[in-house]
Amino acid sequence: MGNKIVVANLKMNLNVVQVSEYLKKINKNINNKNVIICPTSIYIPYFLKQNYKVGIQNIFYKDKGAFTGEISPNQASSIGIEYVIIGHSERRKKFFEKNDEINKKIKASLENDLKVILCIGESIEEHDLLKTNKVIENQITLALRNIKDLTNVIIAYEPIWTIGTNVIPSFKEINNVTKFIKSVILKINFNIDIKVLYGGSVNEFNIEEIIKNTFVDGVLVGDVSIDADKLLKIIEVTC
Ligand code: PGA
């Protein structure tokens, strides 16, 4: 239908047996460079060199050294990973990632030729207090501080209250925030029409309506993307 982007964030799901079943389905059926699959890091090598792109779900900002358990942008790009998700609300909330650290991760990733998918979004309290725009502007400004070239940055608007909850905002809300994000980017002097994705409870049932009724440049799919058949349906409608 469209020519938009689908990011599949598999999070910490699927073991090696399940990954192999998953790969059988997606490798045969996905032939689209607008699809970015982000598996759990240890399985990434199994996903490379196919007819889709591969992303990593997190990254550290140092190049190398004594940082047990971390992965550097250089290590990631050197095996053919093209994208990195940064600032996901689960990392902000459960791993206490702050905007300053997110900014460092973005800089290091761009310097190492990784394309960045920056996740932003408000909590339910902020939403209900009508603070969405304020929160988002703050997240964008801090995350992108001192970054001049945004050619390789995509923004994923993911309201925290819609992640894994089966609730999505109204299409009007998605459109308003998308427009607002683009205007913030222009305001802080980035002369670019940045791509904005929507994420949060996207599924095989609501995808058609989302694509039809909003002007987002694509979607970021979490839980539902673990089911290859459902992901394929979402790709068919979106890309
Ligand atoms: P969800 O997650 O699709 O499971 O709501 C989206 C995300 O966390 O990026």
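Note that the structure is a prediction, hence the values are computed from the model and not measured.

Colleague: Any chance you could explain the site of the ligand here in plain terms?
Modeller: Taken together, 14 residues lie around the ligand, and K11, H88, E158, G164 and S201 are the ones closest in. One of the side-chain nitrogen or oxygen atoms of H88 is found 2.7 Å away from an oxygen atom of the ligand. Here an oxygen atom of the ligand sits 2.7 Å away from a polar atom, N or O, in the side chain of E158. Relative to its free-state accessible area of 280 Å², the ligand is covered by the protein chains to the extent of 98%. Looking at the shell around the ligand residue by residue, the class counts come to three nonpolar, seven polar and four charged.

Colleague: For this particular structure, what's the right way to read the packing of aromatic side chains?
Modeller: Where two aromatic rings form a pair, the distance of their centres and the angle of their planes describe that pair. Per the counting criterion, the structure on display carries four aromatic pairs. An aromatic cluster of three or more residues is present, and its members are F60, Y61 and F67.

Colleague: Would you mind showing me how to read the pattern of salt bridges here?
Modeller: Two side chains with opposite charge may pair up if their charged atoms get near one another. For the structure shown, the criterion picks out 15 salt bridges. Across the pair K53 and E82 runs a salt bridge whose closest N-O atoms are separated by 3.2 Å. Linking K53 in strand β3 (residues 53-56) with E82 in the loop between α3 (73-78) and β4 (83-86), this pair joins segments that are 29 residues apart in sequence. For K53, a relative accessible area of 17% translates into the label buried. Between D100 and K104 there is a salt bridge, with its nearest N and O atoms 4.0 Å apart. With D100 and K104 both in helix α5 (residues 99-111) and four residues apart, the pair spans about one turn of that helix. Residue classification places D100 among the partly exposed positions, given a relative accessible area of 43%. Since its relative accessible area comes to 36%, K104 is described here as partly exposed. Within this structure, K53, E82 and K115 form a network of salt bridges that share partners.

Colleague: Please clarify how the pairing of β4 should be interpreted in this entry.
Modeller: Put simply, side chains in a regular strand alternate between the two faces of the sheet. Burial of the side chains of β4 extends over both faces: Y83 and I85 are buried on one face and V84 and I86 on the other. Bridge analysis of β3 against β4 gives two bridges, and the strand direction is parallel. Note on β4: the bridge partner recorded for G55 is Y83. Each parallel crossover has a hand, and for β3 linked through α3 to β4 it is right-handed. With four bridges joining them, β4 and strand β5 (residues 115-120) adopt parallel strand pairing. If you follow I86 over to β5, its bridge partner there is L118.

Colleague: Teacher, can you tell me more about the packing of helix α7 (residues 132-143) against helix α8 (residues 171-187) here?
Modeller: The relative placement of two packed helices is expressed as an angle between their axes plus a distance between the axes. At a minimum axis separation of 10 Å, α7 and α8 run at an interaxial angle of 40 degrees. In terms of orientation, α7 and α8 fall into the oblique class. Considering how the two elements wind past one another, α7 and α8 form a crossing that is right-handed. Listed contacts from α8 to T132, N133, I136, E137 and I140 of α7 are V177, F180, I181, V184, I185 and K187. Each residue belonging to the contact of α7 with α8 can be placed in one class, and the counts come to seven nonpolar, two polar and two charged.

The rules behind each value
Residues numbered from 1 in each chain as written. Predicted model: local features only at pLDDT ≥ 70, side-chain atom pairs only at ≥ 80, totals over all residues. Heavy atoms only, no water. Near = heavy atom within 4 Å. Polar contact = N/O pair within 3.5 Å; in protein donor to acceptor, adjacent residues only side chain to side chain. Areas by Shrake-Rupley, 256 points an atom, 1.4 Å probe, with all protein chains shown as cover. Nonpolar A, V, L, I, M, F, W, Y, C, P; charged D, E, K, R; others polar. Phe/Tyr/Trp six-rings, centres within 6.5 Å; stacked < 30°, edge-to-face > 60°. Salt bridge = Lys/Arg side-chain N within 4 Å of Asp/Glu carboxyl O. Helix = DSSP H or I, 4+ residues; strand = E, 2+ residues; numbered from the N terminus. Buried < 20%, exposed > 50% of the residue type's maximum accessible area, 1.4 Å probe, protein only. Pairing = 2+ DSSP bridges. Right-handed = clockwise from strand over helix to strand, strands pointing away. Axes fitted to C-alpha atoms, helices over the stretch in contact; angles between N-to-C directions. Parallel < 35°, antiparallel > 145°, perpendicular 65-115°, else oblique. Left-handed = near helix turned anticlockwise from the far one by under 90°. Contact = heavy atoms within 4.5 Å.

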